[in-house]
Amino acid sequence: MEFNDLGAQYRRLQPGIDAAIAAVLAHGRFIHGPEVGRLEAALAGRCGAAHCVAVSSGTDALQIILMGLGIGAGAAVFVPTFTFTATAEAIVNAGASPVFCDVGEGSFDLDPDDLERRIAATARAGALVPRAVLAVDLYGMPADYARLARVADRWGCVVIADAAQSFGAIQGSSAVGTLAAATATSFFPTKPLGCYGDGGAIFTADEELAAAARSIRVHGAGGGKYDIARIGLNARLDTIQAAILLEKLKSFDDEHGRRERLAALYAERVGDVVVHPRTPPGSRSAWAQYTIMSPRRDAIRAALAAAGIPSMIYYPRPMHLQPAYAAFAGGRPDHPNATRCCAEVLSLPLHADLADDDVSRIAGVVRAAA
Ligand SMILES: *Cc1c(COP(=O)(O)O)cnc(C)c1O
């Protein structure tokens, strides 16, 4: 059994993907070929965003948003400490300072109350100007954007979404891509919508930010290629990756529905013995991961391994305890909910090519060990 079975997915989609790649090889426009614009239109249309800018990765999407908004030296960006390193890394690479916040109790997302306390403390200290809240839709479930926006608005901060794991998710009547002022997603192969290399995209309703992002991804180009308006990056999405993504979009809804059904099956089988992910009414997770929590996490993981079942710990250590972020770990060092998450989370196999029987077997091992 594989944790992510990209091989099975490829075998299922092979004719379409092979043809899409062959078409790019035939036309030869490998950089910003026509598939890139078609993908941007398709993605924006899917989620109802005014603008989509395809870029080279989710990490670059985050950095480009910050650069495009002019959030750099002297700016504080508030971010959950329980996340993948790329969220915090993009802030530092943009020249700004991450301020690590806790996640909510019983949630994996930025806690609006802790956010408010840390913005207030940062404003009081005076060394940094609070500029942005960078929320993370961990495991595929959108953060509580309505509450986060109320806090951010009080302090004049913009809300940015790290939706690397949540493309396709819904909150209320709005899709990921429209829940924050700017959204970054990732097409890393194992994300809900993955390509065969690195890729990412930015969604926004802000026309000025979209234009800045289009410039930054090609070295800060202005009106013409050699008219340089700003310092940029080389951060384009390859045409071949865009062609693969256009093809994978065709089966995206079916795969999403399949993961949703398997998640419901897991909940039915293990929901009474471990903490399991809950979906607020009216929301749809993208189900990037199915992540449980248990004080017996390590025993469950060992039992799964003994049964030949892979599992993953996303993530074992919070950012404020990583050596690379020691300079940003100040303030209240305690992040009790994040600390507990790191000790207790376990992600179980979840992908569209997993059988119901596989989930039943995995759940049986989890139950016995929990
Ligand atoms: C995957 C991921 C990223 C980075 O995306 P890349 O495309 O790999 O650069 C950022 N944040 C989170 C939460 C992620 O899971």
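Residues numbered from 1 in each chain as written. Predicted model: local features only at pLDDT ≥ 70, side-chain atom pairs only at ≥ 80, totals over all residues. Heavy atoms only, no water.

(A) Summary view of the overall build of the protein. Along its length, the protein carries twelve helices and twelve strands. Since a compact globule built from 370 residues should have a radius of gyration of about 21 Å, the 20 Å found for the protein is in line with a globular shape. Counting the 370 residues in the protein, one finds 53% classified as buried. The long-range fraction of contacts in the protein, counting pairs at least 24 apart against all pairs at least 6 apart in sequence, stands at 73%. (Helix = DSSP H or I, 4+ residues; strand = E, 2+ residues; numbered from the N terminus. Rg over C-alpha atoms; globule rule 2.2 N^0.38 Å. Buried < 20%, exposed > 50% of the residue type's maximum accessible area, 1.4 Å probe, protein only. Contact = heavy atoms within 4.5 Å.)

(B) Molecular detail of the site of the ligand. What surrounds the ligand is a group of 16 residues, the closest being T59, D162, Q165, S186 and K191. One of the side-chain N or O atoms of K191 is found 2.7 Å from an oxygen atom in the ligand. Burial of the ligand by the protein chains amounts to 93% of its free accessible area of 380 Å². Elements that contribute at least two residues to the shell around the ligand include exactly helix 3 (58–68) and helix 4 (85–93). For the shell around the ligand, the class distribution of residues is six nonpolar, eight polar and two charged. (Near = heavy atom within 4 Å. Polar contact = N/O pair within 3.5 Å; in protein donor to acceptor, adjacent residues only side chain to side chain. Areas by Shrake-Rupley, 256 points an atom, 1.4 Å probe, with all protein chains shown as cover. Nonpolar A, V, L, I, M, F, W, Y, C, P; charged D, E, K, R; others polar.)

(C) Seen up close, the packing of aromatic side chains. Considering all chains together, one arrives at twelve aromatic pairs under this definition. Ring centres of F82 and Y315 lie 6.3 Å apart, and the angle between their planes is 70°; this geometry places the pair in the edge-to-face category. In this pair, F82 is assigned in the loop between strand 2 (75–80) and helix 4 and Y315 in the loop between helix 10 (297–306) and helix 11 (336–344), connecting sequence segments 233 residues apart. Each member of the pair, F82 together with Y315, is buried. Centroid distance Y314 to Y315: 5.6 Å. Interplanar angle 55°. Geometry classified as tilted. The two residues Y314 and Y315 agree in class, both being buried. In this structure an aromatic cluster arises from ring pairing among F3, F82, F84, F108, Y139, Y314 and Y315. (Phe/Tyr/Trp six-rings, centres within 6.5 Å; stacked < 30°, edge-to-face > 60°.)

(D) Layout of unusual backbone geometry. Here the bond from Y314 into Y315 is cis, since omega is 10°, no more than 30 degrees from zero. Here the phi dihedral of H32 falls at roughly 50°; this positive angle occurs in a residue that is not glycine. Locating H32 in the fold gives a position in the loop between helix 1 (6–27) and helix 2 (34–47). In this model, H219 sits at a positive phi of 60°, which is unusual for a non-glycine residue. Taking relative accessible area as the criterion, H219 reaches 42% and is therefore assigned partly exposed.

(E) The nonpolar core, seen in detail. If you look at the biggest cluster of nonpolar residues, it comprises 30 residues, and the most contacted ones within it are V77 and I202. Secondary-structure elements contributing two or more residues to this core are strand 1 (51–55), helix 3, strand 2, helix 4, strand 4 (129–136), strand 8 (182–186) and helix 7 (207–216). When residues of this core are assigned to their parent elements, the largest contribution, five residues, is made by helix 3. Not counting the four nearest positions on each side in its chain, V77 is found in contact with L66, I71, I91, A96, S97, P98, V99, A132 and L134. In terms of nonpolar packing, the next biggest core, distinct from the first, is built from 23 residues, A135, Y145, A169 and L179 among them. (Core = buried A, V, L, I, M, F, W, Y, C linked by side-chain atoms within 4.5 Å.)

(F) Looking closely at the sheet that holds strand 6 (residues 170–171). The three strands lie next to each other as 7-6-10, forming an open sheet whose pairing is antiparallel. Every other strand in the sheet has two partners, leaving strand 7 (174–175) and strand 10 (283–284) as the edge strands with one partner each. Sheet analysis places strand 6 next to strand 10, joined by two bridges and oriented antiparallel. Each bridged residue has a counterpart across the sheet, and for Q171 the counterpart in strand 10 is S283. (Pairing = 2+ DSSP bridges.)

(G) Focus on a nonpolar patch on the surface. A cluster of nonpolar residues, L25, F30 and I31, forms a patch on the protein surface that exposes about 300 Å² of accessible area. Within the secondary structure, I31 is located in the loop between helix 1 and helix 2. (Patch = residues over 30% accessible without salt bridge, like charges linked within 9 Å, V, L, I, M, F, W, Y side chains within 5 Å. Salt bridge = Lys/Arg side-chain N within 4 Å of Asp/Glu carboxyl O.)

(H) Here's a closer look at the environment of P112. On the secondary structure map, P112 appears in helix 5 (residues 112–125). The buried category is assigned to P112, whose relative accessible area is 8%. Separated by 31 residues in sequence, P112 and A143 have C-alpha atoms that sit 9.9 Å apart. Contacts of P112, omitting those with residues within four sequence positions, involve R147, L148 and V151.

(I) Looking closely at the confidence of the model for the protein. Per-residue confidence for the protein gives a mean pLDDT of 96; residues scoring 70 or more make up 99%. By mean pLDDT, strand 10 is the weakest element of the protein at 94, and strand 9 (residues 200–204) is the strongest at 99. (pLDDT = per-residue confidence, 0-100.)

(J) Summary view of the side chain of D102. If you trace the backbone, D102 turns up in the loop between strand 3 (97–101) and helix 5. From its side chain, D102 meets the backbone nitrogen of A338 in a polar contact 2.8 Å long. Every residue in contact with D102, bar those within four places of it in the chain, is listed here: L110, D111, D114, R118, H335, P336, N337 and A338.

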